[in-house]
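Architecture and fold: a report
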Amino acid sequence: MAALAGPARTVLDPACGTGTLLRAVAQGAGAKSTDAQSDGAGPAGAQDGRVLHGQDSDPDLAALAALRLALHTESGGGQVRVAAADSLRADAFPRVAADVVLCHPPFNERNWGHDELAYDARWEYGFPARTESELAWVQHALARLREGGTAVLLMPPAAASRRSGRRIRADLLRRGALRAVVSLPAGAAPPYGIPLHLWVLRKPAPGGRPSHELLLVDTADLSAAGRDKLDWQALHSAVLDTWQTFDRDGTVAGRPGVSRSVSVIELLDDDVDLAPARHLPPPAAGGGAAELAVVRERLAETLRQTTALTPPAGEAARPPRWPTTTVGELARAGALVLRAGGAGAGSGERVLTEQDVLGGAAPSGSLPEGPAEDPVLVEAGDVVVPVLGGGSVVRVVDDTTAGAALGRSLQLLRPDPAALDPWFLAGFLRGTANNRQASSYASTSTRLDVRRLQLPRLPLADQLQYGERFRTLAEFEDALRQAGRLGEQLVQGLYDGLTDGTVRPR
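Residues numbered from 1 in each chain as written. Predicted model: local features only at pLDDT ≥ 70, side-chain atom pairs only at ≥ 80, totals over all residues. Heavy atoms only, no water.

A few words on the overall build of the protein. Secondary structure assignment for the protein yields 13 helices and 20 strands. Here the protein holds 506 residues, and 45% of them are scored as buried. Expressed as a percentage of contacts within the protein between residues at least 6 apart in sequence, the contacts between residues at least 24 apart total 76%. (Helix = DSSP H or I, 4+ residues; strand = E, 2+ residues; numbered from the N terminus. Buried < 20%, exposed > 50% of the residue type's maximum accessible area, 1.4 Å probe, protein only. Contact = heavy atoms within 4.5 Å.)

Here's what the structure looks like:
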């Protein structure tokens, strides 16, 4: 959002929370004074650098924002002014004409001041309905911009299409105030379950010529399975590069399913629906028929591999009476080391998450912010066990996963190779009865006590025989998983191809 807005000397966030957006602007340009005030008095700019204005209705958050900005900016680079008050009802910076406004406003607020603010001068584009609090924030942001200034707001997707807001959206388009709507992938920002939008606005100059086009960008294809799996670099490039070209030239070459410069006249219908997905031509299904043929061949090869890996049925035998031990006893004896995941301070390492273990995927997470502790880095031959959910899934770390940090809700078992074979250990830990007796049950969840898991006491030579069989089973499982993914891709590609005409029924 800060990059979309561009460089600025005076920046405002009227719903700053803990100051995250202002901190993004402040990187590389600090503040020499921090002021948690209530009246907002002070200059709209400063001769010695950037001025950051923040406001939040929660006094504790406002104080925290002021502190964070003071700690994360260099001295002598400007000023920080943070106020504790509701920006819509009690604007602390009424005389500010900011170069940039960044805002993640509260969503779906019914009590935003609809009754007492009916005649407020900020509603230049129309009085927002009670259910359109987000459009009140949009107009507040425009009112606090200088002429030609830029605002970037994080918006719920419903704000682009609700009928109650169509008149305001239409006036924003007619007057050239709304310049771009960007659909983000789900997981990019809270609330993480829905694909939020970015609105890029620019305050029109009196007598200026409004833009005749609106930039629409849809980045939904960059979403994988949650925020830990987003390709942030690809997302940043897809949005920022397209916007910079559009901002410079007033138009941009369309990319099917990704971006398009749409005529304002085309959007001014009865609905004024600005959702990007409804105005972008779809891309070719799965890359077209040629790509589907490649997927089909990969699926056929994987199925042939699956057939070759199908393990033979085991011999019927009477269950042996092995002497057993537990993981806890082995840990006390020094035969293995137990470590819990999740520590660290978000330093950028690859993180093996619980979802990665369950799905057999590569490390895809990131460490949470927290105390500066050294993360647990996995090594080849480690055995990783999820402790929540009661499932019998275990993973032996290979060379491609080695070096990743261990994520939350995971336990690492590092066996001594002179005493324990890792595949033997992993195989017996996956037994259903073993997991059942080592699990504890709460009202809504199941937790595995790894120390109570049992395995037989066997010589290392016997362990290696079992371990080899367990390794074969793991390869078979991976092949089945890959075949499932390829099959889903092929089926969806054929549905898309048949419905958009790129694949013929014959």
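Core analysis: the largest hydrophobic core is formed by 43 residues, its most contacted members being Leu153, Leu172, Leu178, Trp199, Leu201 and Leu274. Elements that contribute at least two residues to this core include exactly β5 (98–103), α4 (133–143), β6 (145–155), α5 (166–174), β7 (178–183), β8 (197–202), β9 (213–218) and α7 (264–267). Here the element with the most residues in this core is α4; it accounts for six residues. Within the second largest apolar cluster, 38 residues are counted, among which are Leu4, Ala180, Val182 and Leu198. (Core = buried A, V, L, I, M, F, W, Y, C linked by side-chain atoms within 4.5 Å.)

This part covers the sheet that holds strand β14 (residues 383–386). Within a beta sheet, neighbouring strands are joined by backbone hydrogen bonds and run either parallel or antiparallel to one another. If you walk across this open sheet you meet the four strands as β12-β17-β14-β15, and the pairing is antiparallel. The sheet terminates laterally at β12 (336–340) and β15 (395–396), the two strands that pair on one side only. Relative to strand β17 (residues 410–415), β14 runs antiparallel, the two being bridged by four bridges. Across the sheet, residue Val384 finds its bridge partner in β17, namely Leu412. Sitting on the sheet, helix α11 (residues 422–429) touches β12, β14, β15 and β17, and the angle it makes with β14 is about 15 degrees. (Pairing = 2+ DSSP bridges. Axes fitted to C-alpha atoms, helices over the stretch in contact; angles between N-to-C directions.)

The subject of this paragraph is the environment of Ala186. Tracing the chain through its elements places Ala186 in the loop between β7 and β8. By relative accessible area, Ala186 is classed as partly exposed at 24%. Separated by 33 residues in the primary sequence, Ala186 and Thr219 have C-alpha atoms spaced 9.5 Å apart.

This part takes up helix α13 (residues 460–500). Helical geometry note: an α-helix holds 3.6 residues per turn, so side chains three or four residues apart project in the same direction. In this model, α13 (41 residues) spans 59 Å end to end at C-alpha, consistent with the 60 Å of a helix rising 1.5 Å per residue. Packed against the buried residues of α13 are α8 (289–309) and α11. Trailing α13 by a residue or two, Gly501 shows a phi angle of about 90 degrees, which is positive. (Expected span 1.5 Å × (residues − 1).)

This next bit is on the environment of Phe107. By secondary structure assignment, the location of Phe107 is in the loop between β5 and α4. Residue Phe107 is classed as buried on the basis of its relative accessible area of 17%. Setting aside residues up to four positions removed in sequence, Phe107 forms contacts with Glu134, Leu154, Met155, Pro156, Pro191 and Leu196.

Most of β7 is tucked away, with six of its six residues classed as buried. Judged from the five bridges that link them, β7 and β8 form a sheet pairing that is antiparallel. Pairing of Ser183 across the sheet is with His197, part of β8. In this sheet, β9 lies alongside β7 in parallel orientation, the contact comprising four bridges. Along β9, the bridge assignment pairs Val181 with Leu216.

For the structure on display, the rule yields 24 salt bridges. For Arg304, the salt bridge goes to Glu301, with nearest N and O atoms at 2.8 Å. One end of the pair, Arg304, and the other, Glu301, are both in helix α8, three residues apart, so they sit about a helical turn from each other. Between Arg457 and Glu329 there is a salt bridge, with the nearest N and O atoms lying 3.9 Å from each other. Taken together, the positions of Arg457 in the loop between β20 (454–456) and α13 and Glu329 in helix α9 (residues 327–333) put the pair 128 residues apart, joining distant regions of the chain. The exposure class of Arg457 is partly exposed, given its relative accessible area of 48%. Overlapping salt bridges bring together Arg430, Glu477, Asp478 and Arg481 as one network. (Salt bridge = Lys/Arg side-chain N within 4 Å of Asp/Glu carboxyl O.)

The next subject is the packing of aromatic side chains. Geometrically, a pair of aromatic rings is defined through the distance of the ring centres and the angle of the planes. Within the structure shown, the criterion is met by nine aromatic pairs. With centroids separated by 6.1 Å and ring planes inclined at 40 degrees, the aromatic side chains of Trp243 and Phe246 adopt a geometry described as tilted. Taken together, the residues span about one helical turn, with Trp243 and Phe246 both in helix α6 (residues 232–249) at a distance of three residues. Taken together, the ring pairs connect Trp322, Phe424, Phe428, Tyr466 and Phe470 into an aromatic cluster. (Phe/Tyr/Trp six-rings, centres within 6.5 Å; stacked < 30°, edge-to-face > 60°.)

Within the secondary structure, Thr302 is located in helix α8. When neighbours within four sequence positions are excluded, Thr302 is seen to be in contact with Ala479, Gln482, Ala483 and Leu486.

A few words on the side chain of Arg179. For Arg179, the location among the structural elements is in strand β7. No salt bridge is formed by the buried Arg179; its nearest oppositely charged neighbour, Asp247, is found at 4.3 Å. Not counting residues up to four positions away in its chain, the partners in contact with Arg179 are Val200, Leu201, Arg202, Ser211, Leu214, Leu215, Trp243, Phe246 and Asp247. (Lys, Arg positive; Asp, Glu negative; His and termini not counted.)

This part takes up the environment of Arg469. Turning to its location among the elements, Arg469 is positioned in helix α13. By relative accessible area, which is 39% here, Arg469 ends up partly exposed. Along the primary structure Arg469 and Phe424 are separated by 45 residues, whereas in three dimensions their C-alpha atoms are 8.7 Å apart.

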